[in-house]
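Residues per chain, in single letters:
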Amino acid sequence: INMPDLSGFSFLQAVRSKDASILFVFVSSQGGEKQVLEALRAGASDYFTKGGGFVHYERVINRIKELVSQKILQESRKENTQTLRDNEKKYRKIIDASIDLIIHLNEEGKFTFLSRACEALLGFKAREMKNKSFFDYVHPDEKTRVRKELFAKHGELELCQISCPIKCKSGE
């Protein structure tokens, strides 16, 4: 892995010092196990030896295409993950600033999320109500109506806004 003024390993190190995310594939006339392992440990994306005719170079090209596709997918996932985190922070701020009680229920009608307004409005800390049935807190006269609104379509929970009396920690 030698070039006139620089070895392939030195070139790889120079590339990695500038940008570790750049794909780097060795195609060399030297291809012993020692060189291959050294190159991969140094950060090469793959290693091929020269020779073998058209079929061999077609394998090299296909591998490079595969590496590029993986890189694009990896970058896309990274970008999407960051977008999700940013959106989660934004919507968390909106929910936390709301004076309304915002909740999420699982399919059994148990709390999986309660906004910060829970404590101010009901006197309960969110963790006290988590995994408990929402219907345990709904006024008995309202349970049928609320259940119908929540499970309006095919018995599944619906995203909705409901106004109903809810039992507070004080018993009211």
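Criteria and cut-off values
- Residues numbered from 1 in each chain as written.
- Predicted model: local features only at pLDDT ≥ 70, side-chain atom pairs only at ≥ 80, totals over all residues.
- Heavy atoms only, no water.
- pLDDT = per-residue confidence, 0-100.
- Helix = DSSP H or I, 4+ residues; strand = E, 2+ residues; numbered from the N terminus.
- Salt bridge = Lys/Arg side-chain N within 4 Å of Asp/Glu carboxyl O.
- Buried < 20%, exposed > 50% of the residue type's maximum accessible area, 1.4 Å probe, protein only.

### Some words on the confidence of the model for the chain
Moving on, step 1. Scored by pLDDT, the chain comes out at a mean of 88, with 94% of its residues at no less than 70.
Moving on, step 2. Here helix α6 (residues 143-150) is the element of the chain with the lowest mean pLDDT, 86, and helix α3 (residues 53-97) is the one with the highest, 93.

### Looking at the pattern of salt bridges
Moving on, step 1. One pass over the full model with this rule turns up 9 salt bridges.
Moving on, step 2. Of the charged contacts, one joins K169 and E128 as a salt bridge, the two residues approaching to 2.8 Å between their closest N and O atoms. You can see K169 sitting in the segment after α6 and its partner E128 sitting in helix α5 (residues 126-129), a full 41 residues away along the chain.
Moving on, step 3. By relative accessible area, K169 is classed as partly exposed at 47%.
Moving on, step 4. The closest approach of N and O atoms between E149 and R145, which form a salt bridge, is 2.6 Å. Highlighted residues: E149 and R145, both in helix α6, separated by 4 residues, approximately one helical turn.
Moving on, step 5. Using a relative accessible area of 31% as the deciding quantity, one classes E149 as partly exposed.
Moving on, step 6. Overlapping salt bridges, with partners in common, bring together D46, R63 and E66 in one network.

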